[in-house]
Amino acid sequence: MKNIIKTFLFFAIAVSVFSCDKELDIPLSTLSESELVPDVDLAEKFTVAAYGALEMRREAAASNWTFGGTGSDNAYKGSTPGDQSEITQMEVYEVSPNNEYVRLRWRGLYEGVARANAAINVVNRGLESGAIDAELGNTYLGELRFLRGFFHFQAKMTFGNVPYVDENTTENPGNENDIWPNIEADFQFAIDNLDPDPVRYAGANQWNSKAYLAKVHMYQMDYPAAKPILQDIIDNGPYNLTPSFHQNFNYAYNNNGETVFAVQYAVNDGSGASQDNGNQGDELNYPHSASPFGCCGFYQPSHDLVNAYLTDSNGLPLTTPISDPADYVANTDPSDIVSGSPRNVPVEDGDAGTSIFPEETRTLDPRLDWTVARTGIPLFDRGDFMLSWARDPANGGPYYSKKLLWSEADDGLARVAGGWGQNIGTIQTNLIRYAEILLWRAEIAASESDLMTAMNLVDEVRARNMDSANWVKENDGVTDAANYAIGLYEDTYPGGFPDATFAMNAVVMEYRLETALEGHRFFDLVRRGIAEQVLNGYLSRPQFRGYLSSASFTVKRSIYPLPQEAINLAFGALNQNDFSQN
């Protein structure tokens, strides 16, 4: 029954109620009173169609794996050098306005805006005619303005200077105005008009509207505005951390107590086109070749990310990045061997195409092996992950995102039977988790030198990972798969973080470890104002990826270019972002 509800909510209804304005390449809502009779049934269908825009296919995926993931120090494009080469532009920070991913992300986000606006017009007309009563109408409008705020927020986060389009927009809007106030107003309306519980499975409600308003303030670095909202969510909201970190990436725990807002999926649900209801945005991002997944080898975790999970003698993150190739974790791909680093040499085990890497004896945060699929570490009930499952280790390395993968036992429910690529999954795409709420509040505390509060909140996120029963085990189901060790800061610093700088660095690191490969990293570094420092530091360290050797990041690359197609069709309404180097 849950799958049927999810299908109905997000993907079952496709309603064409808007046209693409040929001058701007932004869909604008166009409804004809003679063609449509506004009533509750129509309002429901239009609202469902607006939710359906949340899953935007791979070029503009809800997971932000291209723009927020490969554009950061957390991941490489992966696969082979020439496949989807436009993503490489994001890795080297030279994205063209003609980039197809840029164009399709723009269109996907403004399609979402258009669907929301079309539905708002239906509801408003129903309210005017009396076909929809005020209480129900305001609930619909709360959901729809939440969605409109969400799509505009994604556009603002990605492109910086973007137009705001509401249900009354009929002419080409420009992008010269700051649209943060408009986005805030949409989320505030949702807060004021929605109940604490959603009216539909995993839909918008008062609490996740508050969370998004807080996120909008965090992205403006407006701590005073964000603080009371976050504290309200922590003190009075319905959320909690799941007992196991991995439950957030297991389809059986979709929409759990930690889920603030996520895109939900369904497959094999009898809909007749079940791949359309699943996660097509990440269909490229699975192990290739001889793996059980078979396609397509993209979005591979970076060596820098893997090494971020090394811990010190207290089980805390290392204070400085790894800079010596010899100190990288032991299971670095053989194509990445640096002369004089014998620790990276694999030992052939006799099986075709597989290698056993030296065991890493240093301590590791246990979240590593729930985040990254590593050679020699069990992949659920599928046995050890093997190097031969990587499509092109010389280009993308040996790692894959484990947050996207599932067990063999779950194949029937966790992915579609058939369809291109064979990997249309049902694991939800987390957009905000409660762990992020705690870490945003910790960030504010660090900024205020409230060192004990900051430490306690960071430790709250870390503490759920200390139960060894929830660590990845060897194939015997008993032995830890690696030398895991994770500690609380309070055990080393009983009086609180030593100072505000230490506290902020601890929060930044914790956010990286906790949310790695969820599409946040690039945008999080940008909003904090530390992207140039962090990303150039990353690029200066050993990368083993030749195409990154001459890459560099400048602050002007903190936003992506508007698609040239939209600029051309706007006839002066849109201005391109300035990427001149000076």
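Residues numbered from 1 in each chain as written. Predicted model: local features only at pLDDT ≥ 70, side-chain atom pairs only at ≥ 80, totals over all residues. Heavy atoms only, no water.

Caption draft 1: Spatial organisation of helix α9 (residues 223-236). Taking 1.5 Å per residue as the helical rise, α9 with its 14 residues ought to reach 20 Å, and the 20 Å between its terminal C-alpha atoms agrees with that figure. Where the residues of α9 are buried, they touch α8 (206-219), α14 (434-447) and α17 (500-515). (Helix = DSSP H or I, 4+ residues; strand = E, 2+ residues; numbered from the N terminus. Expected span 1.5 Å × (residues − 1). Contact = heavy atoms within 4.5 Å.)

Caption draft 2: Summary view of the pattern of salt bridges. One pass over the full model with this rule turns up 37 salt bridges. Among the ionic pairs, K45 bridges to D41, the shortest N-O distance being 3.3 Å. Here K45 and its partner D41 are both found in helix α2 (residues 40-52), 4 residues apart, which amounts to about one turn of the helix. Between R362 and E360 there is a salt bridge; the shortest N-O distance is 2.9 Å. Several salt bridges share partner residues, and in doing so they unite E258, D365, R367, K403, R433, R462, R464, E510, E514 and E518 into one network. (Salt bridge = Lys/Arg side-chain N within 4 Å of Asp/Glu carboxyl O.)

Caption draft 3: Here's a closer look at the state of the cysteines. Taken as a whole, this structure holds 1 disulfide when the rule is applied. Note that C295 is cross-linked by a disulfide to C296, the S-S spacing being 1.5 Å. Using a relative accessible area of 10% as the deciding quantity, one classes C295 as buried. The class for C296 is buried, based on a relative accessible area of 5%. (Disulfide = S-S within 2.5 Å. Buried < 20%, exposed > 50% of the residue type's maximum accessible area, 1.4 Å probe, protein only.)

Caption draft 4: Examining the packing of α14 against α17 more closely. Taken N-terminus to C-terminus, the directions of α14 and α17 make an angle of 165°; their axes are 8 Å apart at the nearest point. In terms of axis orientation, α14 runs roughly antiparallel to α17. Viewed along their axes, α14 and α17 form a crossing whose handedness is left-handed. For the pair α14 and α17, contact is made by A435, E436, L439, W440, A442, E443, A446 and S447 and by A500, A503, M504, V507, E510, Y511, E514 and T515, respectively. Per-class residue counts for the contact of α14 with α17 are 10 nonpolar, 2 polar and 4 charged. (Axes fitted to C-alpha atoms, helices over the stretch in contact; angles between N-to-C directions. Parallel < 35°, antiparallel > 145°, perpendicular 65-115°, else oblique. Left-handed = near helix turned anticlockwise from the far one by under 90°. Nonpolar A, V, L, I, M, F, W, Y, C, P; charged D, E, K, R; others polar.)

Caption draft 5: Here's a closer look at the packing of aromatic side chains. Applying the stated criterion across every chain, the model contains 33 aromatic pairs. When the ring of F146 is compared with that of Y212, the centres are 5.6 Å apart and the planes differ by 85°; the resulting orientation is edge-to-face. Of this pair, F146 sits in helix α6 (residues 134-159) while Y212 sits in helix α8; the two residues are 66 residues apart in sequence, bridging distant segments of the chain. The same class applies to F146 and to Y212, which are both buried. Just above the ring of Y219 sits the side chain of R527; from NZ or CZ to the centre is 5.7 Å. The ring centre of Y76 lies 5.1 Å from the NZ or CZ of R545, which sits over that ring. (Phe/Tyr/Trp six-rings, centres within 6.5 Å; stacked < 30°, edge-to-face > 60°. Lys NZ or Arg CZ within 6 Å of the ring centre and 35° of its normal.)

Caption draft 6: Broad picture of the pairing of strand β10 (residues 429-433). Of all 5 residues in β10, 5 are buried, a share of seventy percent or more. Of the pairings in the sheet, the one linking strand β4 (residues 259-263) to β10 comprises 4 bridges and is antiparallel in character. For F261, the partnering residue across the bridge sits in β10 and is I432. (Pairing = 2+ DSSP bridges.)

Caption draft 7: Spotlight on helix α18 (residues 521-528). The element α18 is largely enclosed, with a buried count of 7 among its 8 residues. If you check which residues of α18 are buried, you get R521, F522, F523, D524, L525, R527 and R528. Where α18 is buried, its residues contact α3 (65-70), α6, α8, α14, α17 and α19 (531-540). Count one or two residues on from α18 and you reach G529, which has phi positive near 80°.

Caption draft 8: Summary view of a negative patch on the surface. Together, D133, E135, D195 and D197 make up a region of like negative charge exposed at the surface. Relative to the assigned elements, D133 resides in the loop between α5 (100-129) and α6. You can call D133 partly exposed: its relative accessible area is 47%. (Patch = residues over 30% accessible without salt bridge, like charges linked within 9 Å, V, L, I, M, F, W, Y side chains within 5 Å. Areas by Shrake-Rupley, 256 points an atom, 1.4 Å probe, with all protein chains shown as cover. Lys, Arg positive; Asp, Glu negative; His and termini not counted. Charge placed at Lys NZ, Arg CZ, Asp CG, Glu CD.)

Caption draft 9: Quick peek at the packing of α9 against α14. Running from N to C, α9 and α14 cross one another at 135°; their axes reach a closest spacing of 10 Å. One finds that α9 runs oblique with respect to α14. Classified by chirality, the crossing of α14 by α9 is left-handed. For the pair α9 and α14, contact is made by Y223, A226, K227, L230, Q231, I233 and I234 and by Y434, I437, L438, W440, R441, E443, I444 and S447, respectively. Tallied by class, the residues present in the contact of α9 with α14 amount to 10 nonpolar, 2 polar and 3 charged.

Caption draft 10: Fine view of the environment of T492. As for its position among the elements, T492 is in helix α16 (residues 489-492). Judged by its relative accessible area of 28%, T492 is partly exposed. Through-space distance from the C-alpha of T492 to that of N314 is 7.3 Å; in sequence the pair is 178 residues apart. The contacts of T492, once residues within four sequence positions are left out, are N314 and L316.

Caption draft 11: Local environment of the environment of M466. You can see M466 is positioned in the loop between α15 (451-463) and α16. Along the sequence, M466 and G315 sit 151 residues apart, while their C-alpha atoms lie 10.0 Å from each other. Not counting chain neighbours up to four residues away, the residues in contact with M466 comprise W471, I486, G487 and L488.

On their own, these measurements won't tell you what the molecule is for.
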